[in-house]
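Here is how the chains run, residue by residue.
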Amino acid sequence: MREWRLLALLALEIAVFSFTALNFFTVGNAAEVARLSGEVGLLALAQTCVIITGGIDLSAGSMMGLCAIVFGVLWHDAGLSIGLSILATLGLGALGGFFNAFLITRLRALPLIVTLGTLSLYRGMAEGITEGVRNFSGFPQSFLSFGQGFWFGFLPPQAILLGVAAVLFWLLLQRSVIGRGLSAIGYSPEGARYAGIPVRARLSLVYTLSGLTASVAAIVYVAHLGQAKSDAGTGYELMAITAAVLGGTSIFGGSGSIAGTLLGLLSIVLLQNGLRLSDKPAELAGVLTGVLLIAAIGMGQFSKLFKDERITDGIEMKNSQVAVLSTVIIAAALLVAGSNWWMVRSLVRESPRGTHKPVVALMPKAKGDPYFVSCRQGAEEAARELGVDLLWDGPTDLDPAKQNEVVEGWITRGVDTIAVSVENSEGISTVLRKARAKGIKVLTWDADAQADARDFFINQATQQGIGYALADEIARLLHGQGSFAVVTASLSAANQNEWMKHIKARLADKYPKIKLAAIRPSDGDRDRAFSETQTILRVYPDVKVIAAIAAPAVPGAAEAVKQSGRSDVKVTGLSLPNMCKPYVHAGIIESVVLWKTRDLGYLTVQAAKAMYDGVLRPGVTSIPAGRLGNVEVRGDNVMLGAPFFFTKQNIDQFDF
Amino acid sequence: MIRANSISKSYMGVCALRDVSFELRPGEVHALVGENGAGKSTLIKIFTGATSMDSGSIEIEGRRIEQNSPAKAKGLGIAAIYQHPALFPDLSVSENLALRLDDLSPWRTVNWTEHRKRAVSLLAQIGAQIDPDAEVHSLSMPEQQLVEIACAVGAEAKIVIMDEPTASLPARETEALFRTIGSLRSRGVGVIYISHRLEELPRIADRVTVLRDGCSIKTKLISEIDHSSLIRMMVGRDLTSIFPKRDIPIGNIVLETRRLGCQEAGIHDVNLTVRAGEIVGLAGLVGSGRTELAKILFGLTPAGHGEILLNGTPREIRSPQEAIRLGIAYVPEDRPRHGVIPAMSVAQNTSLATLQAVSRAGLLDYRLENNLAASFAAKLGTRLSSVFAPVSSLSGGNQQKVALSRWLATNPKILILDEPTQGIDVGAKAEVHRLIVNLAAKGMAILMISSELPEILGMSDRVAVMSSGTIAAILDRRDATQDGILSLCLHGNVARA
Amino acid sequence: MIQRYSREISTGVALLGLLAVLLFAAPSFFRPANLRELLIGNAALLIAAIGMTLVILTGHIDISIGSQFAIASVVMGLLAKEGASTAAAAAGGIAAAAVLGAMNGILVAGLGIPSIVVTLASMIALRNALRWATEGKWVQDLPATFQWAGLGQAGGEALILILTGTVFAAFAWASCNLQAIRLLYATGSSPEAARLAGIRPPRVFFFVFMGMGVLTGLAAALNTIRFSEVQGNAGIGLELQAIAAVVVGGASIAGGRATLPGTLLGVLLLATIGPALTFAGINAFWEKAIQGSIILAAVVMNARGKSAHA
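Residues numbered from 1 in each chain as written. Chains lettered and ligands numbered in written order. Predicted model: local features only at pLDDT ≥ 70, side-chain atom pairs only at ≥ 80, totals over all residues.

Draft legend 1. Region of interest: the interface of chain C and chain A. Listed as interface residues are 62 residues of chain C and, on the opposing side, 66 residues of chain A. Considered class by class, the residues forming the side of chain C that touches chain A number 35 nonpolar, 18 polar and nine charged. (Contact = placed C-beta atoms within 7 Å. Nonpolar A, V, L, I, M, F, W, Y, C, P; charged D, E, K, R; others polar.)

As structure tokens, then:
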């Protein structure tokens, strides 16, 4: 029943997006959808088994983070071969899963709470091991190709892995003796025990398997992004659970199917993909996912409410039917896609330049971040002036995997220029190279990718420049000696860690009398920055400067200083003028270091158009950029200029 | 006070009540008797609003009730003691009483001292020694039953319904309960009293109504009717004719226990033998340790001391898996919770204990599985629309047959049956009995736990009577009488001494 | 007595142990100003945890409160910007969260969808809807009287402490003495017995989810007035913090067992860990791992308590 509904939903999604989304219905897009559902898909398969036993595993995403880190440590620090590292990582995943199982079966504690605890524990261990800062990259190409390449020319390895895993899980869950036991346990743990099913052993198996699968997903994730970081897989467990539940797995346990989970996963992923290609906001996908979930489960409940107590044993759809039907749909889709491909491509290519407005796609690191919101204003201003179509899309939270996904979407959609503010240079460079190979002009802005992955970098100020400027400002405020503390974004934030590196280097070099008392995380949350600053002020009374290096952290720190009444403490950092204005005027924030973000967005779009027109090409030393006048080009860097200091005197001139 | 006219009710196509009429007068103790599954519990659930009726009408205190609900029944002065106590396990005794007795409007404040005082007095009134501050989950089953009784007394209800209140009560508390019922009656309260202990009825009841197969057979003054005619009315035919007991050659000892016990389960010093082809009936009150003993034999509860011998070899049985491997099968008492998995299909339930047999290389072979289920359905005469139908769609008797087929499929040498005919209708009952006899004829050793004495008497070669955690006596078929077994059940230790 | 409240007592002992260590390692932790900041900083969490206690008490769970919190904050900011007084704006924010809570309640009580599914869906949908609407913008340029409800810092802080204290005291009193809350205990302990006793469990569930919304709104209001601007993505992870605090405080996630003093201890324990690490000079990297270990320790302790009286 549920499978039919999902198939109908999928058909509807495909039908709608075929009309609204550019190049949705192509082989290339199908391959990308498959690649991007790899990690979550693996987790969802394992999660289906867990949920069928009436449990839940919230720790899967965190396990991914821990496994990614341990894999990196083993390969990079311990010098193990890739193969051995993978083996050891898989072992760790199984061990982590078994730890969950142990607590659940031996202590008879509820899975929800146990895995809530290990959700914190595993992520915390990943952060602890790396001290948040370290991450691992530079993996050999043969390993990376597993996450980034294609097999047989068009099949991403993830698709094959997911397919194999799906078959294995299907065999385990729906065809094997063990799977039958799992389902019995889900319906009635007591009943299963009375039937001679080894309940504890089966539950241990399921949670261990979930941990193991998370470690496989972690390896895939690292190969995909080329970088092992402690934040790998954040929130993936919720997506996996959503897919499984949408696919008809009962959260009470007992019923559910692998086919359903795959369909559930596919309907969520296609929704995201289709909406992106239709240039609809990514948030809409989230809203619709929630609504779908309620609708799907609610419909089942609703029909149950209005049914007689009698249970109709009617239309139980068999898995073979689902399989046949899915195959038919996929085959038909491929067929249509194949025939359309030529047509669409020729249409796109042949459209004459004159009537075709250039499409510039701009990606921030995180859409909701006020910093990027202000960049967007500038970008839109330039887009209006130049008459280009501006696409603005990106992850809603910092999520490197999502960035790849968006770029893939744009490649599929066929935009003219892509400009990315890079979260993870290893990871994104592969897709950017791919975009270039397809003839798309590629820029990076705000943060750079690998040099051969893009044509130009819009350089607002180098990481070193920012770090040095901040260090100098701190030294100025401390009059050359004393101690200060830093409130950063999250402990694993790449940019912040880079800046910290340069700040420390500069201090060691030029200001030996200045001491860094503490670094505290704010997770990009103003309120957290506030309370961390309060604590810093209490613990380190001699700290006289708080350097907050995330946009929301500066007003948070400033408010804490204001409320403490400590007029001897000053706040500085990287933030936006609007957020900080009241505190700058009150004299709590001495200065905010930043470039003119609005201009950064403006310049990026200007440069993109210049590239499209052929004005910006290798060798030029300057380009005209609208109201910014002529802007210097240094090598492959388009220079916005040095960091800007917003102070009491000039801050009111800026509105972003 | 209550007048019910031609009430009918069916569950999932199985008729539980057909055209039942019933009447209760003030100051009367009206006994309601009938076999398990005769519809007594359904009838009282309709009175208390716990379930709805399909047709018919109820008048309570002269007012016609259209839509009954627990809250409404409570308002009308009906209090009920269910067979399974409907208490709040995490809350204290006195609060449980309060929630059942007081107005539940949300904005009232709770007067704890008042609650406690009332709890103390109510518990004293029924002669129970229970700490009013104890949380209910820490009480034993009989103690919980007493709390239920205190609820009913405290409700100052005009109508009190008691569903087997004495089933698990020790003798002293039973006496106290009878006194309580007497005082209720003298206050003009109408009591509906359901019991299997027919011998207690003359002491307390005024009238008796017999239910059989969902129909009300007759209502009579208790003084007009004697024990045996009452049983005849309940059963509908003579006892001997319904049990297909055959004489079967008894073989060697298959199962033997020596001083078997388990501290936590309250079992001690059980010495018992079961031979091939023999049916040993295990009688005893609820709470006497019958089910606990079965659970030890099946590896669900680890044995604390003593030993189990199978075919003369001492064995340790640590889990149901091991028990199955050793040829032991256990059809548990609580069918929907333990016996079958209601949401799963007949085929899936049938194969659950023998999954290896219907699979190849660990993968299930659906054809084998369906054949297995179909063949057992045919052998046992299970009526079902298809082997894919969920077990919950079957009637109680057919569910029990599915539970049985699961265990027969394991080809056991020892079959433990726990209340094999509880809650199934008379026709199905006879079929199950015939099945059991046939199994014994094939040389299976059968240990049959039952609360129904006629069943025990009619089916067993020997009867073991359990009382307070151990075997009080083992009687031969010829020596066993209903009265004898009952007095052993009630006063096991005395009888042994 | 000791047996019955063993979970709360063990949480209390853990808290005392932590404080004892701090007494030696970092006596400056106990400066009144620091304790005051700690309390004010966790007032919102405590209020949300009170609501979560009630939800968990009935055997349900609500993982959407983080999203509700953010929406209530933004609604409050927008109302204040339109010129509403802080009190009126707070009322608006609370009303918005109450509506969202009621929506959860309808889906759980009316359609019988498992609460974890309902609130998982509303968590995702609401957070995304808010992001879509605000595009991550903060609500800025609020009237000067918005912060501290125009009472100034000392007055505002007193207001937060008094309000939180009152709400906690009221619920702690009510959880022992008010029939309404006792009905939650009863329903969570056994919905079937509750039904037979004449309680209507679906209504109880509806009201408890709506009540959760109201308390989330109040938490958002108390948090928001500490600042002069409203950020758009507040409350991420609030649900996990609240659930963790309730469970560490000794509640049974299966329902029927929880106490508000326990929840208070849970909030205090979890809230003390972070600053305690800073005071003790331990760096932040292991903080999450330590929090996870504390939750697991509580789970282990609860499990041992369970087997003790089983």
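Draft legend 2. Just the pairing of strand β19 (residues 414-418) of chain B, in detail. Residues and elements named next belong to chain B. In terms of burial, β19 is a largely internal element, five of the five residues being buried. Alternating residues of β19 divide into Ile 414, Ile 416 and Asp 418 and Leu 415 and Leu 417, and every residue in both groups is buried. In the sheet, strand β16 (residues 328-331) pairs with β19 via four bridges, with the strands oriented parallel. Note that in β19 the partner of Ala 329 across the bridge is Leu 415. Inspection of the sheet shows β19 paired to strand β20 (residues 445-449) by five bridges, in the parallel sense. Considered in β20, the bridge of Ile 416 is made with Leu 447. (Buried ≥ 20, exposed ≤ 12 C-beta atoms within 10 Å, placed from the backbone. Helix = DSSP H or I, 4+ residues; strand = E, 2+ residues; numbered from the N terminus. Pairing = 2+ DSSP bridges.)

Draft legend 3. Molecular detail of the confidence of the model for chain A. Averaged over every residue, the pLDDT of chain A is 86; residues scoring 70 or more account for 91%. Confidence drops under pLDDT 50 across residues 341-354 of chain A; counting only partners more than four residues distant or on other chains, this segment forms five contacts. (pLDDT = per-residue confidence, 0-100.)

Draft legend 4. Here's a closer look at the environment of A:Ser425. Mapping A:Ser425 onto the fold places it in helix α18 (residues 425-437). Sequence separation of A:Ser425 and A:Gln450 is 25 residues, and the distance between their C-alpha atoms is 6.1 Å.

Draft legend 5. How the structure looks around the pairing of strand β4 (residues 389-392) of chain A. Relative to β4(A), strand β3 (residues 359-363) of chain A is paired through four bridges, and the arrangement is parallel. What sits directly across from A:Val359, in β4(A), is A:Asp389.

Draft legend 6. Summary view of the sheet that holds strand β21 (residues 462-467) of chain B. All names here are of chain B. Strand order across the open sheet formed by six strands is β16-β19-β20-β13-β21-β22, with mixed pairing between neighbours. Each end of this open sheet is capped by a strand with a single partner; those strands are β16 and β22 (470-476). When the angles between neighbouring strand axes are averaged without regard to direction, this sheet yields 20 degrees. Direction of pairing for β21 relative to β22: antiparallel, over a ladder of six bridges. Across the sheet, residue Met 466 finds its bridge partner in β22, namely Ile 471. Packed onto the sheet, helix α10 (residues 290-297) meets β13 (279-283), β16, β19, β20 and β21 and runs at close to 150 degrees relative to β19. (Axes fitted to C-alpha atoms, helices over the stretch in contact; angles between N-to-C directions.)

Draft legend 7. The arrangement of the sheet that holds strand β7 (residues 159-163) of chain B in detail. Residue and element names in this part refer to chain B. Pairing in this open sheet of six strands is mixed, and the strands run β6-β7-β8-β3-β9-β10 from one edge to the other. Unpaired on one side and paired on the other, β6 (78-81) and β10 (215-221) mark the two borders of the sheet. Between one strand axis and the next, the sheet turns through 15 degrees on average, direction left out of account. As judged from the four bridges shared by strand β3 (residues 29-33) and strand β8 (residues 190-194), these two strands associate in the parallel manner. Counted as the bridge partner of Val 29 is Val 191 from β8. Contacts between helix α1 (residues 40-48) and the sheet are confined to β3, β6, β7, β8 and β9 (207-212), with β7 contributing the most and set at about 150 degrees to the helix. Contacting β6 and β7, helix α5 (residues 141-154) runs over the sheet at an angle of about 170 degrees to β6.

Draft legend 8. Structural context of the environment of A:Asp636. All names here are of chain A. The residue Asp 636 is located in the loop between β14 (630-634) and β15 (637-639) in this model. C-alpha of Asp 636 to C-alpha of Arg 454: the two residues are 182 residues apart in sequence and 9.2 Å apart in space. Residue contacts for Asp 636: discarding those within four places in its chain leaves Ala 451, Phe 456 and Phe 457.

Draft legend 9. Broad picture of the packing of helix α5 (residues 86-111) of chain C against helix α6 (residues 115-134) of chain C. Residue and element names in this part refer to chain C. Two numbers describe how α5 lies on α6: the axes approach to 9 Å, and their chain directions differ by 145 degrees. In this structure, α5 crosses over α6, and the sense of that crossing is right-handed. Packed against α5, whose contacting residues are Leu 100, Met 103, Asn 104, Leu 107 and Val 108, the element α6 presents Ser 115, Val 118, Thr 119, Ser 122 and Leu 126 at the interface. Classifying every residue of the contact of α5 with α6 by side-chain character gives six nonpolar, four polar and no charged. (Left-handed = near helix turned anticlockwise from the far one by under 90°.)

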